[in-house]
Amino acid sequence: MLAEARSVLEFNSTLLLSPLLMQAPKGDGHPVLALPGFLASDLSMAPLRRYLKELGYDAYAWNMGRNFGGVVSRRAALRDLLKRVHEAAGRKVSIVGWSLGGVYARDLAVQMPDLVRSVVTLGSPFADDIRATNATRLYELLSGEAVGDIPDIRAAIAGDMPVPATSIYSRTDGIVNWHTTQLRPSATAENIEVHFASHVGLGVNPAALWAIADRLAQPEGEFRHFDRSGPFAIAYGRADHALS
């Protein structure tokens, strides 16, 4: 966890590499909802939203204040939020969720697949032993929800998504066990490893931002696996089929 301080370097790297990041594929104007992680607010997602807006997306904040957790208690409010964004834009919504925000994103895709275009998660613990994080006890204390009390929801979130899904993660994540971030690779699902990224810095890491932009730029209804040969090629791990 002490190494999470490197998130400052990740953010500074993004600032220095902003001209390169702007060479990412441009967006088609479709709405993207950005969901913050546990204990974070919309401020944490501001750099990502600004980047996506610069690329041509209609980026939305969640506007629910600080995220104190509540996979069950926030379900209705998140469904209403997704509906509002979809109605305002008149198009399907891509959802980018950081950490716990990614758990919400996957749950929304399961519940309302007709409104969701794609899901991208950043260091989100949705698979295997999701208690294997350094924030589980605090989550249960602040949210009032025991992680083990939602088996049906957990099973749905961890399963195959009805929409294209990408999990961006780091094996050097100091908060979430990276094994819990792994989805089952398929024709419309993939894992993208970012070397040496921190959990706190994953949403401002330049290689992660490039991957997000690339994933969102795919035409609606189409999916191709991430091409790791781009300008940040050295930052990515092997493709899914080669992971062990």
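All of these numbers come straight from a predicted model, not from anything done at the bench.

J.: Sorry if this is basic, but what is going on with the environment of alanine 127 here?
T.: Take alanine 127: it is sitting in the loop between strand S4 (116-122) and helix H6 (136-143). The exposure class assigned to alanine 127 is buried, which follows from its relative accessible area of 7%. In contact with alanine 127, not counting residues within four places along its chain, are Ala158, His179, Thr180 and Gln182.

J.: What exactly am I supposed to notice about the packing of helix H3 (residues 42-55) against helix H8 (residues 206-216) here?
T.: When two helices pack together, their arrangement is given by the angle between the helix axes and the distance between those axes. At their nearest, the axes of H3 and H8 sit 11 Å apart, and the two run at 45 degrees to each other. Taken together, H3 and H8 sit at an angle that is classed as oblique. Regarding H3 and H8, the two cross each other, and that crossing is right-handed. In this structure, H3 uses Leu48, Tyr51, Leu52 and Leu55 to contact H8, whose residues at the interface are Leu209, Trp210, Ile212, Ala213 and Leu216.

J.: Looking at this structure, how should I read unusual backbone geometry?
T.: If a residue is not glycine, its phi is most likely negative; likewise, a peptide bond is most likely trans. If you check the backbone angles, serine 99 has positive phi at about 55 degrees while not being a glycine. With respect to the helices, strands and loops of the structure, serine 99 is situated in the loop between strand S3 (93-98) and helix H5 (100-111). Look at phenylalanine 196: it is not a glycine, yet its phi comes out positive at around 60 degrees. Residue placement: phenylalanine 196 occurs in the loop between strand S6 (189-193) and H8.

J.: Even after reading the chapter, I still don't get helix H4 (residues 75-89), so can you show me in this structure?
T.: Owing to its 3.6 residues per turn, the α-helix aligns residues three or four sequence positions apart on the same side. The end-to-end C-alpha separation of H4 is 21 Å, in line with the 21 Å expected for 15 residues at 1.5 Å each. Along H4, the positions that sit buried rather than exposed are Leu78, Leu81, Leu82 and Val85. Along H4, the residues classed as buried sweep out an arc of 95 degrees about the axis, all on the same side. Those residues of H4 hidden inside the fold are in contact with strand S1 (31-35), strand S2 (58-60), S3, H5 and S4.

J.: What is the right way to look at the pattern of salt bridges in this model?
T.: Should the charged atoms of two oppositely charged side chains come close, the side chains can pair. This structure, assessed with the given rule, holds nine salt bridges. In this structure, aspartate 28 engages arginine 91 in a salt bridge whose closest nitrogen and oxygen atoms are separated by 3.3 Å. Of the two residues, aspartate 28 sits in the loop between helix H2 (18-21) and S1 while arginine 91 sits in the loop between H4 and S3, which places them 63 residues apart along the sequence. Under the relative-accessibility criterion, aspartate 28 is labelled partly exposed at 40%. In this structure arginine 91 comes out as partly exposed when scored by relative accessible area, which is 29%.

J.: What is the right way to look at the packing of aromatic side chains in this model?
T.: Each aromatic ring pair is specified by the distance between its two centres and by the angle formed by the two planes. What the rule picks out here adds up to five aromatic pairs. Between the aromatic rings of tryptophan 62 and tyrosine 104, the centroid separation amounts to 6.2 Å while the plane-to-plane angle is 20 degrees, which identifies the pairing as stacked. In this pair, tryptophan 62 is assigned in the loop between S2 and H4 and tyrosine 104 in helix H5, connecting sequence segments 42 residues apart. An identical accessibility class is assigned to tryptophan 62 and tyrosine 104; each is buried. Ring geometry for tyrosine 169 versus tryptophan 178: centroids 5.7 Å apart, planes at 15 degrees, classification stacked. Its guanidinium or amino end placed over the ring of tryptophan 178, arginine 171 lies 4.1 Å from that ring's centre, counting from NZ or CZ.

J.: Is there a simple way to think about H6 in this case?
T.: Within H6, burial applies to Thr136, Tyr139, Glu140 and Ser143. Down the axis, H6 shows its buried residues gathered within 95 degrees of arc, on one side only. Facing away from the buried side of H6 by over 90 degrees, the exposed positions are Arg137 and Leu141. Close packing links the buried residues of H6 with H5.

J.: Even after reading the chapter, I still don't get the pairing of S1, so can you show me in this structure?
T.: A regular strand carries its side chains on alternate faces of the sheet. Of all five residues making up S1, five are buried, and the element is well covered by its neighbours. Every second residue of S1 is oriented toward a common face, with Pro31, Leu33 and Leu35 on one face and Val32 and Ala34 on the other, all of them buried. Two strands pair when backbone bridges link them, and S1 and S2 are joined in this way by three bridges, in the parallel orientation. If you follow valine 32 over to S2, its bridge partner there is alanine 59. One crossover worth recording links S1 to the parallel S2 by way of H3, and it is right-handed. Bridge analysis of S1 against S3 gives four bridges, and the strand direction is parallel. Each bridged residue has a counterpart across the sheet, and for alanine 34 the counterpart in S3 is valine 96.

About the thresholds
- Residues numbered from 1 in each chain as written.
- Predicted model: local features only at pLDDT ≥ 70, side-chain atom pairs only at ≥ 80, totals over all residues.
- Heavy atoms only, no water.
- Helix = DSSP H or I, 4+ residues; strand = E, 2+ residues; numbered from the N terminus.
- Buried < 20%, exposed > 50% of the residue type's maximum accessible area, 1.4 Å probe, protein only.
- Contact = heavy atoms within 4.5 Å.
- Axes fitted to C-alpha atoms, helices over the stretch in contact; angles between N-to-C directions.
- Parallel < 35°, antiparallel > 145°, perpendicular 65-115°, else oblique.
- Left-handed = near helix turned anticlockwise from the far one by under 90°.
- Expected span 1.5 Å × (residues − 1).
- Arc of directions from axis to C-beta.
- Salt bridge = Lys/Arg side-chain N within 4 Å of Asp/Glu carboxyl O.
- Phe/Tyr/Trp six-rings, centres within 6.5 Å; stacked < 30°, edge-to-face > 60°.
- Lys NZ or Arg CZ within 6 Å of the ring centre and 35° of its normal.
- Pairing = 2+ DSSP bridges.
- Right-handed = clockwise from strand over helix to strand, strands pointing away.

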